[in-house]
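# Analysis of the macromolecular model
Each chain, written out:
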Amino acid sequence: MSRRDRKGNVPHDNNRASLFTVRESMPLLDLVMKLLDGISRNKAKSLLSHGAVSVDGRVATHVDFVVSEGSTVLISRGKPSAADSSPHYNIVYEDRWLIVVDKAEGVLSMPVGAHSLNMKSLLDRYLAAKGSRCTAHVVHRLDCRTSGLMMYAKSTPIQQQMQDNWHERVFDRRYVAVVEGVPVDDEGVVESYLRDTRSMTVVSTREQVPGSRFASTSWRVLERGEHRALVELRLATGRKNQIRVHMAEIGHPVVGDGKYGTQDDPGSRLCLHACVLAFTHPVTGEQMSFDTPIPAHFYRSLSHRND
């Protein structure tokens, strides 16, 4: 008699893979998350994109592929190579055309100077270590002190395709932040015109002036502390320092933001994180959606007035 796990599946384990007999038809991504109890959605997608899941002896990568009852699913979970791991980023998703990463705070999006710590150079080294004949191409940017989800293309045509149609292809882009003070309202929208200044800061104006561009940020409170709040933010536009400028404008600067916020309480890091990135794949047309957990530091910062 075969032993079963608590979900009714029949796993056959070795050191690097598990074989399951499917007892209920469902989409492949949901099935992997169910079989590997506790695995995150992003990790399940990463397994699929790296060809680690086979259905009835054939590699399956499409998240919406429906696996039939009675099928056998093999999931390989070998130890990742050194090239796959870094203290500066995690690879959330990868295919022939794109890489989605979760960038750490303190890493630039692209090179600035010969020896800067930046995601493009890190990914170029990662791709070279894998033997890939391509390099990373910047599609969009995050501030150095902002952590979270970023996308890089593996070729210039894909980079241009995503950049030229960014607002049409990206249908969900969200951030979380810890802000100074506790908003009275549960949600709101900040709209203004932003422009760069000679002092390398961005200023906000109510009326359009030469060099300014319209910006719109929606926010809602997720959790309130005594002196701070955790908020979720959605961008209708993607301007430089947009979230930081807009939250400071309404009297709730991002914790750790000495540039636009309080100079006497910079915190140990900028409490701003890109937590959701969803877009239509430029080649397959598939709707891709990725999310990352809220950094634990944010909850600690929420409960302390000073870090």
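Residues numbered from 1 in each chain as written. Predicted model: local features only at pLDDT ≥ 70, side-chain atom pairs only at ≥ 80, totals over all residues. Heavy atoms only, no water.

Once that is clear, we can look at the environment of Ser-303. Looking at the secondary structure, you find Ser-303 in the segment after helix 7 (296-302). The class of Ser-303 is exposed, set by a relative accessible area of 54%. For the pair Ser-303 and Arg-228, spaced 75 residues apart in sequence, the C-alpha to C-alpha distance is 7.6 Å. (Helix = DSSP H or I, 4+ residues; strand = E, 2+ residues; numbered from the N terminus. Buried < 20%, exposed > 50% of the residue type's maximum accessible area, 1.4 Å probe, protein only.)

Looking now at the nonpolar core. Val-101, Leu-123 and Leu-233 are the most contacted members of the largest nonpolar core, which has 40 residues in total. Apart from residues no more than four positions distant in its own chain, Leu-123 is found in contact with Tyr-89, Ile-99, Val-101, Ala-136 and Tyr-152. (Core = buried A, V, L, I, M, F, W, Y, C linked by side-chain atoms within 4.5 Å. Contact = heavy atoms within 4.5 Å.)

Per-residue confidence for the protein chain averages 83 on the pLDDT scale, and 88% of its residues sit at or above 70. A low-confidence stretch, residues 1-15 (pLDDT under 50), is modelled with 29 contacts involving residues beyond four sequence positions or located in other chains. (pLDDT = per-residue confidence, 0-100.)

Packed helix pairs are characterised by how far apart their axes lie and by the angle those axes make with each other. Contact geometry for helix 1 (residues 28-35) and helix 2 (residues 41-49): axes closest at 9 Å, N-to-C directions at 115°. In terms of their interaxial angle, helix 1 and helix 2 are classed as roughly perpendicular. As helix 1 runs across helix 2, the sense of the crossing is right-handed. In this structure, helix 1 uses Leu-28, Leu-29, Asp-30, Val-32 and Met-33 to contact helix 2, whose residues at the interface are Arg-41, Ala-44, Lys-45, Leu-47 and Leu-48. In terms of residue class, the contact of helix 1 with helix 2 is made up of seven nonpolar, no polar and three charged. (Axes fitted to C-alpha atoms, helices over the stretch in contact; angles between N-to-C directions. Parallel < 35°, antiparallel > 145°, perpendicular 65-115°, else oblique. Left-handed = near helix turned anticlockwise from the far one by under 90°. Nonpolar A, V, L, I, M, F, W, Y, C, P; charged D, E, K, R; others polar.)

On to the pairing of strand 13 (residues 187-196), then. In terms of strand pairing, strand 13 meets strand 15 (residues 213-224) through eight bridges, oriented antiparallel. What sits directly across from Val-190, in strand 15, is Thr-217. As defined by bridge partners, strand 13 adjoins strand 14 (residues 202-205) across four bridges and the pair is classed as antiparallel. Across the sheet, the residue bridging to Asp-196 is Val-202, located in strand 14. (Pairing = 2+ DSSP bridges.)

The next point concerns the pattern of salt bridges. Should the charged atoms of two oppositely charged side chains come close, the side chains can pair. Summed over all chains, the structure comprises 12 salt bridges. For Asp-124, the salt bridge is made with Lys-120, and the minimal N-O distance between the two is 2.9 Å. With a gap of four residues between them, Asp-124 and Lys-120 both fall in helix 3 (residues 119-130), about one helical turn apart. Exposure remark for Asp-124: the relative accessible area of 21% places this residue in the partly exposed category. (Salt bridge = Lys/Arg side-chain N within 4 Å of Asp/Glu carboxyl O.)

The next point concerns the pairing of strand 9 (residues 98-103). On any regular strand, side chains alternate: one points to one face of the sheet, the next to the other face. With respect to burial, strand 9 is a largely interior element, six of its six residues being buried. Connecting strand 8 (residues 89-94) to the next strand, strand 9, in antiparallel fashion are three residues. Sheet topology note: the strand 9/strand 11 (residues 147-153) ladder contains six bridges and is antiparallel. Across the sheet, the residue bridging to Leu-98 is Ala-153, located in strand 11.

Turning our attention to the packing of aromatic side chains. Under the counting rule described, the total for this entry stands at three aromatic pairs. For the ring pair Tyr-93 and Phe-290, a centre distance of 5.3 Å and an interplane angle of 40° mean the geometry is tilted. Of this pair, Tyr-93 sits in strand 8 while Phe-290 sits in strand 18 (residues 287-291); the two residues are 197 residues apart in sequence, bridging distant segments of the chain. In this pair, the class of Tyr-93 matches that of Phe-290, namely buried. Ring pairs connect the aromatic residues Tyr-93, Phe-279 and Phe-290, which therefore count as one cluster. (Phe/Tyr/Trp six-rings, centres within 6.5 Å; stacked < 30°, edge-to-face > 60°.)

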